[in-house]
Amino acid sequence: MTVITCGETELSDIKDYAESMSLVRHMLEHDPEALAGVHIAAGFEDADFVLRAKEFRVLHESDGFGRDVQAPILGGTLARVDGPDHFRRRRIESMLFRSPTLRGYEATVLHPAIERVLAEARQSHAGSGPARADLHDIGEAVLGEVVAALVGLDGLDTTEGRRRFDSFYQDIDNGVRISWASQDVHQLAAKGVAALNELTEHFITPSRRRRKEMLDRVASGEANPDDPPTDLITLMLQHHGDEFDDGLMIREIALYVTASVTTLTNQVCYCVHHIEEWVQQHPRDAPRRVDPVFLSRSLQESVRLHAGPVLMRRATEDVVLPSGTAVKAGEFAWVVIRQASQDGAYFGESPESFNPYREVAAGVLPYGVEFGVGRHTCVGKRFALGDEPGSVDALEGAGVILMRTLYEAGMRLDPERGRTFVPELLDVHQSSPILLTALN
Ligand code: HEM
């Protein structure tokens, strides 16, 4: 077994990581030598370097580590390409995250969706005591609806449509998260593909048809060029042929849907638990539960502690990491972003604990490398997190708006029911029971 060292990190044995990833475990059964040539980048400097360096690229289907198993869902998507292809496509898709577009979705979809779930909680609340709800379920419902709108999937404005979407969504999401799952990876991937086919039939194809008709009407002068919505399907149709074929359109939608809803919902759950614990220990901050600046700082801090564990890259040239580790062309770097984002040299005292007032080293982002850095940095970061709190005309971001509105409705953790995690994916919330003490 290859033993890896990286600077002074204690995580010296790559087997620890391999054991925790069922895809890798699965691969090792077929190719015991697969871990030869894998290096761990767990310190902040190394992680930041690998993610930014032109000498490293993302993994392709032929690189192993399960990329082939995931390929029917994610193959060739933005997260899986580099170079000019990535640059061009990223420029097109970044149009989704401009301020007017995001503010439009906040006003027309996010706020109404939150109001709807609050109305439902009000309606189902019978009798005395505060209303009970589940932050995880609310997060998935609300964020699912907004992401669907951003992607351009129609039909989630009815209960029946949302239920149908949810029934496909979970299997697609599991099919993408197979790296960390404890079940048979091929079975999960096959279920994911079947669910993506269903999503295509019931949502993607009709939504795409409507947008194509609208673009045709614009082309023939029957409709105004401003009429088509700014959403992913419309953008892809506008670049159909040169950038996106039909299969890639479907997989790109799968990427957006799976990169966003579970990830952000999970972070919001972590964040609210941290805030409540913080407020217990710092009661003077209790009124700040509805302060967007405090909430934004809290979300940044909790993402730093809890987002993704590992990103994988492959070297295209020989390169030496800042720690001195030499990586040869063709070898791999596993970037342990969670550990790098808790590196004491950059994130101050007790870097593993939650502190919304934390000061980080100059030039370092408050959430570390948990959204990635460099050319593959999370394209949805502004949607999720908004802008730097306190900056001019800052966007609050979907996560902060959701927490603020629920806190305005008196959100507290339910003292009688604890949160639970998905059994096969230990750090992903399954439920997070709350009370809404000021719902009227
Ligand atoms: C707290 C929530 C989120 C976290 C922690 C997160 C984290 C990440 C990370 C670490 C990457 C980089 C992967 C890499 O370098 O290989 C990434 C990429 C990406 N994220 Fe997010 N993400 C979040 C929310 C979102 C949302 C809300 C969306 C969409 C609305 C989104 C869409 C994407 C896409 C499309 C990519 C691929 C970008 C590229 O490769 O160029 N993410 N995300």
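Each remark here, short or long, concerns the structure printed above.
Every value quoted in this text rests on a predicted model; they were computed, and no experiment measured them.

1. Examining the site of the ligand
- Close contacts around the ligand come from 24 residues, with H86, R90, R313, H376 and C378 the closest.
- In the environment of the ligand, an oxygen atom lies 3.5 Å from a nitrogen or oxygen atom belonging to the backbone of L78.
- One of the side-chain N or O atoms of H376 is found 2.6 Å from an oxygen atom in the ligand.
- Here the shell around the ligand takes 7 residues from helix α11 (residues 246-281), the largest share from any one element.

2. Brief notes about the environment of R251
- Structurally, R251 is set in helix α11.
- Residue R251 is classed as partly exposed on the basis of its relative accessible area of 22%.
- If we skip the residues at most four places from it in the chain, R251 touches A71, P72, I73, L74, G75 and T77.

3. What to know about the nonpolar core
- Counting residues in each nonpolar core, the largest one holds 88 residues, and the members touching the most others are L153, I253, F383 and L436.
- Of all the elements, α11 adds the most residues to this core, at 16 residues.

4. A closer look at the coordination of the iron atom of the ligand
- One donor from the polypeptide reaches the iron atom of the ligand: C378 (SG), at 2.3 Å.
- Position of C378 among the secondary structure elements: in the loop between α14 (344-347) and α15 (381-385).

5. Quick word on empty space enclosed by the protein
- Under the defined criterion, the tally for this structure stands at 1 cavity of 30 Å³ or more.
- Taken as a whole, the largest cavity spans an internal volume of roughly 70 Å³.
- If you go around the largest cavity, the residues you meet are L102, Y105, E106, L110, V146, R382, F383, L395, G397 and A398.
- For the lining of the largest cavity, the secondary structure elements donating two or more residues are α6 (99-124) and α15.
- Along the lines of polarity and charge, the residues of the lining of the largest cavity split into 7 nonpolar, 1 polar and 2 charged.

6. Quick notes on the sheet that holds strand β11 (residues 433-436)
- Within the open sheet, the 3 strands sit side by side as β3-β11-β8. Their pairing is antiparallel. Whereas interior strands pair on both sides, the edge strands pair on one side only; in this sheet they are β3 (131-134) and β8 (411-413). When strand polarity is set aside, the average angle formed by the axes of neighbouring strands in this sheet is 35 degrees.
- Bridge analysis of β3 against β11 gives 4 bridges, and the strand direction is antiparallel. Counted as the bridge partner of A131 is L436 from β11.

7. Considerations on the layout of surface pockets
- What the second largest pocket holds in volume is close to 550 Å³.
- V117, E120, D137, A141 and D166 are, among the 23 residues lining the second largest pocket, the residues nearest its centre.
- Elements that contribute at least two residues to the lining of the second largest pocket include exactly α6, β3, α7 (135-151) and α8 (159-176).
- The element best represented in the lining of the second largest pocket is α8, accounting for 7 residues.
- Here the residues of the lining of the second largest pocket sort into 9 nonpolar, 4 polar and 10 charged.

8. Describing the sheet that holds strand β1 (residues 38-41)
- With mixed pairing, the 4 strands of this open sheet are ordered in space as β1-β7-β4-β2. Each of the sheet's edge strands pairs with one partner strand only, and the pair in question is β1 and β2 (56-58). Within this sheet the neighbouring strands show an average axis-to-axis angle of 35 degrees, counted without direction.
- Direction of pairing for strand β4 (residues 311-315) relative to strand β7 (residues 332-335): antiparallel, over a ladder of 4 bridges. Paired with L311 across the bridge in β7 is V335.

9. Side note on the pattern of salt bridges
- For the structure shown, the criterion picks out 29 salt bridges.
- Salt-bridge contacts for R103 lead to D393; the nearest nitrogen and oxygen are separated by 3.4 Å. Here R103, found in helix α6, pairs with D393, found in the loop between α15 and α16 (398-408); they are 290 residues apart in sequence, far enough to count as distant.
- On the basis of relative accessibility, which here comes to 30%, the residue R103 falls in the partly exposed class.
- Classification of D393 as exposed rests on a relative accessible area of 59%.
- Two residues, R338 and D427, come together in a salt bridge whose shortest N-O distance is 3.0 Å. Note that R338 is positioned in helix α13 (residues 337-340) and D427 in the loop between β9 (420-421) and β10 (429-431), a separation of 89 residues in sequence.
- A cluster of three or more residues bridged by salt bridges with shared partners is formed by R116, E120, E145 and R162.

Rules used in this analysis
- Residues numbered from 1 in each chain as written.
- Predicted model: local features only at pLDDT ≥ 70, side-chain atom pairs only at ≥ 80, totals over all residues.
- Heavy atoms only, no water.
- Near = heavy atom within 4 Å.
- Polar contact = N/O pair within 3.5 Å; in protein donor to acceptor, adjacent residues only side chain to side chain.
- Helix = DSSP H or I, 4+ residues; strand = E, 2+ residues; numbered from the N terminus.
- Buried < 20%, exposed > 50% of the residue type's maximum accessible area, 1.4 Å probe, protein only.
- Contact = heavy atoms within 4.5 Å.
- Core = buried A, V, L, I, M, F, W, Y, C linked by side-chain atoms within 4.5 Å.
- Donors = N, O, S within 2.8 Å, 3.2 Å for Na, K, Ca; no water.
- 1 Å grid on protein atoms, 1.4 Å probe; cavity = no way out; pocket = protein on both sides within 12 Å on 5 of 7 lines; lining within 4 Å.
- Points joined across faces, edges and corners; volume = space filled by probe spheres on them.
- Nonpolar A, V, L, I, M, F, W, Y, C, P; charged D, E, K, R; others polar.
- Pairing = 2+ DSSP bridges.
- Axes fitted to C-alpha atoms, helices over the stretch in contact; angles between N-to-C directions.
- Salt bridge = Lys/Arg side-chain N within 4 Å of Asp/Glu carboxyl O.

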